[in-house]
Amino acid sequence: SLSLIFILACVVSVGVKYVNMASNLFLGMVFLSIFCMCLGCIMFSQGEFMGGLNPWDRLAFDNIWPHYEPDPVTGITPTFFSLVALFYPSVTGILAGSNRSAVLANPGRSIPRGTIGAILCTTLIYVFVVWLFGLTISNVT
């Protein structure tokens, strides 16, 4: 993984032209990491993979309703609105794509469509991952 990060750093350091050429590779790595994360969660729920968790951490539907508990270190109880901060970075990075509008044939049409599409796609991925983890991993964990 360190060699892969080094290769990516080299691609980024040579210029935006090469970053645009390697964008499909970057997107593939993001999809691969999301797939591996979901596969690990599903394998854990089926008992095929234990990882660092115990068998009693595998309780289906234990997280179906919100049950916020105080953090053992800080003692602060999170709320729904404090957890929205976890979603914020997924939306801000998307707007950086509009800075690369020089490579678009029709930026006035493509930027709004691409931005809204990216936000919808990111939201669906976040909701799916939260739903999957909530279904398969115990709240106690």
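Residues numbered from 1 in each chain as written. Predicted model: local features only at pLDDT ≥ 70, side-chain atom pairs only at ≥ 80, totals over all residues. Heavy atoms only, no water.

## Some thoughts on the overall build of the protein chain
Test applied: Helix and strand assignments come from DSSP, with helices taken as H or I runs of at least 4 residues and strands as E runs of at least 2, each series counted from the N terminus. Categorising residues by exposure relies on relative accessible area from a 1.4 Å probe, with only protein chains included: less than 20% of the type maximum marks a residue as buried, more than 50% marks it as exposed, and the intermediate range marks it as partly exposed. Every accessible area reported is derived by Shrake-Rupley at a probe size of 1.4 Å, with residue values counting cover from the shown protein chains alone.
Helix and strand counts for the protein chain stand at six helices and zero strands. For the protein chain, the sequential pattern of α-helices and β-strands runs α-α-α-α-α-α. Taking all 141 residues of the protein chain together, 14% fall into the buried category. Of the roughly 10,500 Å² that the protein chain leaves accessible, carbon and sulfur atoms contribute 73%.

## Section: a nonpolar patch on the surface
For clarity, the cut-off: To count toward a patch, a residue needs a relative accessible area over 30% and no salt bridge; like charges are then connected within 9 Å, while nonpolar side chains (Val, Leu, Ile, Met, Phe, Trp, Tyr) are connected within 5 Å. The term salt bridge refers to a side-chain nitrogen of Lys or Arg lying within 4 Å of a carboxyl oxygen of Asp or Glu.
Together, Y68, F80, F81, L83, V84 and L86 line one region of the surface with nonpolar side chains, adding up to about 640 Å² of accessible area. Assignment of secondary structure puts F80 in helix α4 (residues 80-83).

## Observations regarding the packing of helix α1 (residues 2-14) against helix α3 (residues 23-46)
Threshold: The convention used is that axes are lines fitted to C-alpha atoms, helices contributing only their stretch in contact, and that angles between N-to-C directions extend from 0 to 180 degrees. Whether a crossing is left-handed or right-handed is set by the direction in which the near helix is turned from the far one by less than a right angle, anticlockwise for left-handed and clockwise for right-handed. Contacts: residue pairs with any heavy atoms within 4.5 Å of one another.
Remark: α1 packs on α3, axes separated minimally by 12 Å, with the N-to-C direction vectors making an angle of 150°. α3 is crossed by α1, and the crossing has left-handed handedness. Each of L4, L8 and V11 in α1 lies in contact with α3, whose residues at this interface are L25, F26 and M29.

## Topic: α3
An α-helix turns once every 3.6 residues. As a result, residues three or four positions apart point the same way. To keep it simple, the criterion reads: Multiply 1.5 Å by the residue count of a helix minus one, and that product is the helix's expected span.
With 24 residues, α3 should reach 34 Å at 1.5 Å per residue; the first-to-last C-alpha distance of 35 Å fits that figure. Buried positions along α3 lie against α1, α2 (16-21) and α6 (107-136). Positive phi shows up at G47, right after α3, with a value of about 85°.

## Topic: the packing of α3 against α6
As a reminder, the rule being used: The scheme is simple: roughly parallel for angles under 35 degrees, roughly antiparallel for over 145, roughly perpendicular for 65 to 115, oblique for anything else.
Contact geometry of α3 with α6 gives a least axis separation of 9 Å together with a crossing angle of 20°. On the basis of their axis angle, the class for α3 and α6 is roughly parallel. Seen along the crossing, α3 lies across α6 with a hand that is left-handed. Side by side, α3 and α6 meet where I34, M37, C38, C41, I42, F44 and S45 of the first sit next to I125, F128, V129, L132, F133 and T136 of the second.

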